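# Reading the structure
One letter stands for each residue in the lines below.
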Amino acid sequence: MRFLFKTTYAQDLRLAKHSGYTFWYGLLLVLLASAPLWMPEYWLAQLSFVLIYAIVGLGLMLLAGFTGQFSLGHAAFLGVGAYTQAVLTGMGWPFVLTLACAAGLSAAVGVVVGLPALRVKGIYLGMATLAFGFIVEEGFARWESVTGGNAGIHVAPPALLGWTLESTASFYLLCLVLAIACTLGILNLLRSPTGRAFVAIRDSEISAQSMGIHLARYKTLSFALSAALAGLGGALYAHKLQFISPDQFSILQSIDLLLMIVIGGLGSVHGAFLGALFLIAMPQAIALGKDWLPAAVGQAPGLQGVVYGAVLVAFVLFEPMGLYGRWLKVRTWLQVFPFYRQGLFKRQKSFQKSDRLR
C-alpha cells in the first residue's frame, strides 16, 4: 500500500504522465523550434499571433476555465500591457524591464477590477468587466499625451541584449520561448494548492469556503494572474503590429478572446492553444471560402460575425467541451476500438452535466 501511494503521488507530481507525453510533446517542440527553417514567412507570422493569443488565452482560461469567473473586458488588460510596452519602449527602457512592467501593471489593474467584482458573479460579473472594458478603451482614446489618442502610437521592434528582433523568425522564437514558459508556469500552478483552490471555487464556492479557502483572496489572485498574462501577450502584440490604437482593444476583441477559450475547451490548457489556432485560422478560411459562395453572401459585410456565431452555437449545443473535448473523444474511440459502444459518449456527457450541477 505504501509503495502504491508513493507511485501514485510521484505520477501526480510529473508534468509528463508517461513516456508518450514526453515523445509527442518533444516532437512538437522540435517542429515548432525548427519552423523558421522550413515555414514561409507569412505563416510564421501567423504562428506568432497564435502564440501571442495563446498566452492571453492561458490567462483567461485560468480565470474563466479554472476559477469560474466570467470576464467580458479582457481586451482592456491586453491594451494596458500593449500601451505600457509602447510607452516604456519609446522612453528607451530595456525590453526585459518593459515586459515585466507591462505584466505587473496589468496585474495591478486586475486587482483593482477583481476587488469590486467580489460581490457579484455570473452575468453580473460579466457586465461589470464589460463596463471596465469600455472605460479603459475610452481612457486610451482620451489620454492623448501618453497614448496618442485615436491616432495611435508606433512601437519599435524589441531589442534584447543589443540584438534587435526585427526579423519574423527571431520574433517568433521569442514568442515561442515565452509561450512555453507561461504554459509550464500555469501547469505547475494548477498542481499547487493555489491551483486546486481555484478549481474548488469554480466547482462550488460554498464547498470551497467550508474547506477554509479564502474566496476574496483567491478570486483577486486569479484576476491578477490572468491580467498579468494578458498584459504579457499585449506587450508582444504591440511589438508584432508595431502600431496600436484604442479600437484594437474594443468589446469585439474581448468577445473574440472569450470565444477563443470556449471553442478551444474550457478548463484545459490545451484549449487555450486550440482556441488561439482557431481564432487565427478562421478568418483565413472565411476569406478563402468567399470565392465559393454567391456574391450576395460572400461580399456581405457581416459574414465573419455570422460564421463565428454559428460556430459558437454549434459548439455549445453539440460539443460543450470544445475542440479539446472532441479530441478526447476521438482519442478514446481509438483506444477502445474495435470495442466501441454506441452509447459511450452519451453516458460520458450525462455524467459531466450532473457533475457541473453539483
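Described below are features of the structure shown in this document. Since this is a predicted model, take the numbers as computed values, not measurements. (Residues numbered from 1 in each chain as written. Predicted model: local features only at pLDDT ≥ 70, side-chain atom pairs only at ≥ 80, totals over all residues. Heavy atoms only, no water.)

### A look at the environment of Gln304
Mapped onto the secondary structure, Gln304 falls in helix α16 (residues 303–318). Given a relative accessible area of 39%, Gln304 falls into the partly exposed group. Placed 18 residues apart in sequence, Gln304 and Ile286 show a C-alpha to C-alpha distance of 7.0 Å. In contact with Gln304, other than residues within four places in its own chain, are Pro283 and Ile286. (Helix = DSSP H or I, 4+ residues; strand = E, 2+ residues; numbered from the N terminus. Buried < 20%, exposed > 50% of the residue type's maximum accessible area, 1.4 Å probe, protein only. Contact = heavy atoms within 4.5 Å.)

### Some details on α16
If you check α16, its first and last C-alpha atoms are 22 Å apart, about what 16 residues at 1.5 Å a residue would give, namely 22 Å. Burial in α16 covers these residues: Leu303, Tyr308, Val311 and Phe315. Down the axis, α16 shows its buried residues gathered within 130° of arc, on one side only. Of the exposed residues in α16, the ones pointing more than 90 degrees away from its buried face are Gly305, Val306, Val316 and Leu317. (Expected span 1.5 Å × (residues − 1). Arc of directions from axis to C-beta.)

### Quick notes on helix α14 (residues 269–289)
In a regular helix each residue adds 1.5 Å, so 21 residues correspond to 30 Å; α14 covers 30 Å between its end C-alpha atoms and thus fits that length. Where α14 bends most, at Ala281, the angle is about 30°, and the proline Pro283 comes one to four residues later. Turning to α14, the residues buried within the fold contact α4 (41–66), α9 (168–191), α13 (251–264), α16 and α17 (322–336). (Bend = angle between axes of the 7 residues up to and from the residue.)

### Brief notes about the pattern of salt bridges
In this structure the tally under the stated criterion is five salt bridges. Here Arg142 makes a salt bridge to Glu138, at a shortest N to O gap of 2.7 Å. Of the two residues, Arg142 and Glu138 are both situated in helix α7 (residues 123–142); the distance of four residues between them amounts to about one turn of the helix. On the accessibility criterion, Arg142 (65% relative accessible area) is exposed. Two residues, Lys219 and Glu205, come together in a salt bridge whose shortest N-O distance is 2.9 Å. (Salt bridge = Lys/Arg side-chain N within 4 Å of Asp/Glu carboxyl O.)

### Topic: the nonpolar core
Formed by 89 residues in total, the largest nonpolar core has its most connected members in Tyr53, Ile55, Leu236, Ile244 and Phe249. The biggest single contributor to this core is α4, with 17 residues. With sequence-adjacent residues up to four places away left out, Phe249 is seen in contact with Ala75, Leu78, Gly79, Ala82, Tyr83, Glu137, Phe140, Tyr237 and Ile244. (Core = buried A, V, L, I, M, F, W, Y, C linked by side-chain atoms within 4.5 Å.)

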